[in-house]
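# Chain and residue survey
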Amino acid sequence: MDQLAMKKIAAQAALQYVKPDTIVGVGSGSTVNCFIEALGSIKDQIKGAVAASKASEELLKKQGIEVFTTNDVSQLDIYVDGADEINSQKMMIKGGGAALTREKIVAALAKKFICIVDTSKQVDVLGSTFALPIEVIPMARSQVARKLVALGGSPEYREGVITDNGNVILDIYNFEIMQPIEMEKELNNIAGVVTNGIFAQRCADIVIIGTPDGAKIIE
Ligand code: ABF
């Protein structure tokens, strides 16, 4: 079974957590695109959605789903998003699509974070297969990169990418993360870092893995 088919299985299974008359938090990426399509099939049962990226906002509108801003809501029942890596403690690396800051903001509004992935995203140690993205204020790019080298990583400037917030992305290669909560805090303390792609302090509550045998749900 190909990866897209597994993403669709995970996305479809997430619909069971959508409560009627609620505003749904929606992340970004190709797995979430499958979720947005599935959400379109029950659009009359929900109030609308809050999107973590401009791309997701456009797709939601195309499905006829009303899009609210984060300032319109005080809390979301659920936030549904993908991940680049997820470990057995439901901690994640995110930000491959450069939407990590908005994803963290919308996730923080939600009572439950539902992570939808295919089997390729499961890892023992975060950072072992995917570079860790960091959103950085442009003027701080070089000094942040030097700090990241001092921490043992190999940062690379993601050429040609500007985030929805007008910032740049550094991807840290060769950076296995043994203590995700501590590292998430440490990276956030570097001046000029807006957000890092470790989602450990606020990890997922429910993980839905699309597999060739159907959706595997870890609660
Ligand atoms: C978002 O989309 C990002 O945080 C993550 O980088 C990416 C997951 O990719 P995909 O769903 O396209 O595999 O969740």
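Reading the values: the criteria
Residues numbered from 1 in each chain as written. Predicted model: local features only at pLDDT ≥ 70, side-chain atom pairs only at ≥ 80, totals over all residues. Heavy atoms only, no water. Helix = DSSP H or I, 4+ residues; strand = E, 2+ residues; numbered from the N terminus. Rg over C-alpha atoms; globule rule 2.2 N^0.38 Å. Buried < 20%, exposed > 50% of the residue type's maximum accessible area, 1.4 Å probe, protein only. Contact = heavy atoms within 4.5 Å. Lys, Arg positive; Asp, Glu negative; His and termini not counted. Charge placed at Lys NZ, Arg CZ, Asp CG, Glu CD. Pairing = 2+ DSSP bridges. Axes fitted to C-alpha atoms, helices over the stretch in contact; angles between N-to-C directions. Domains from an automatic or database assignment. Buried area = accessible area lost by both parts, 1.4 Å probe. Salt bridge = Lys/Arg side-chain N within 4 Å of Asp/Glu carboxyl O. Polar contact = N/O pair within 3.5 Å; in protein donor to acceptor, adjacent residues only side chain to side chain. Nonpolar A, V, L, I, M, F, W, Y, C, P; charged D, E, K, R; others polar. Parallel < 35°, antiparallel > 145°, perpendicular 65-115°, else oblique. Left-handed = near helix turned anticlockwise from the far one by under 90°.

### Here we look at the overall build of the protein chain
A count of helices and strands for the protein chain gives six helices and 14 strands. Its C-alpha atoms give the protein chain a radius of gyration of 17 Å, within 12% of the compact-globule value 17 Å for 219 residues. Taken along its principal axes, the extent of the C-alpha atoms in the protein chain is 50 × 35 × 30 Å. Considering the protein chain as a whole, with its 219 residues, one finds that 52% of them fall into the buried category. By sequence separation, contacts in the protein chain at least 24 residues apart represent 72% of the contacts at least 6 residues apart. Positive and negative side-chain charges in the protein chain, numbering 22 and 27 respectively, have mean positions lying 3 Å apart.

### Some points on the sheet that holds strand β3 (residues 67-68)
The seven strands lie next to each other as β3-β2-β1-β4-β7-β13-β14, forming an open sheet whose pairing is mixed. Each edge of the sheet is formed by a strand with only one pairing partner; in this case those strands are β3 and β14 (214-218). Alignment of strand β2 (residues 48-51) against β3, held across two bridges, turns out to be parallel. Residue Val50 lies in a different strand from β3, and its bridge partner there is Phe68. Packing against the sheet, helix α1 (residues 3-14) makes contact with β4 (76-81), β7 (110-118), β13 (206-211) and β14, and its axis sits at approximately 140 degrees to β13.

### What to know about the domain arrangement of the protein chain
Along its sequence, the protein chain is carved into domain 1 (3-123 + 201-218) and domain 2 (132-196). Relative to domain 2, the C-alpha centre of domain 1 lies at a distance of 24 Å. Every contact between the two is made by 15 residues of domain 1 and, on the other side, 19 residues of domain 2. For the domain 1 face of the interface with domain 2, the top three residues by lost area are Leu100, Lys104 and Gln201, together amounting to 40%. Between Glu184 and Lys104 there is a salt bridge, with the nearest N and O atoms lying 2.8 Å from each other. Put simply, domain 1 and domain 2 have 10 residue pairs in polar contact (both at pLDDT 80 or more) between them. With four residues, helix α4 (residues 100-109) is the largest single contributor of residues to the side of domain 1 that touches domain 2. Looking at the side of domain 1 that touches domain 2, its residues break down into four nonpolar, seven polar and four charged.

### Comments concerning the packing of α1 against helix α2 (residues 30-40)
Relative to each other, α1 and α2 sit at 50 degrees, their axes nearing to 8 Å. The orientation of α1 with respect to α2, classified from their angle, is oblique. The element α1 and its partner α2 pack so that their crossing is right-handed. Across the interface between the two elements, Leu4, Lys7, Lys8, Ala11, Gln12 and Ala14 from α1 touch Ser30, Thr31, Cys34, Phe35 and Ala38 from α2. Broken down by class, the residue content of the contact of α1 with α2 amounts to six nonpolar, three polar and two charged.

### With respect to the pattern of salt bridges
Under the counting rule described, the total for this entry stands at eight salt bridges. In this structure, Lys61 engages Glu57 in a salt bridge whose closest nitrogen and oxygen atoms are separated by 3.2 Å. With Lys61 and Glu57 both in helix α3 (residues 54-62) and four residues apart, the pair spans about one turn of that helix. Looking at Lys61, the relative accessible area reads 44%, which means it is partly exposed.

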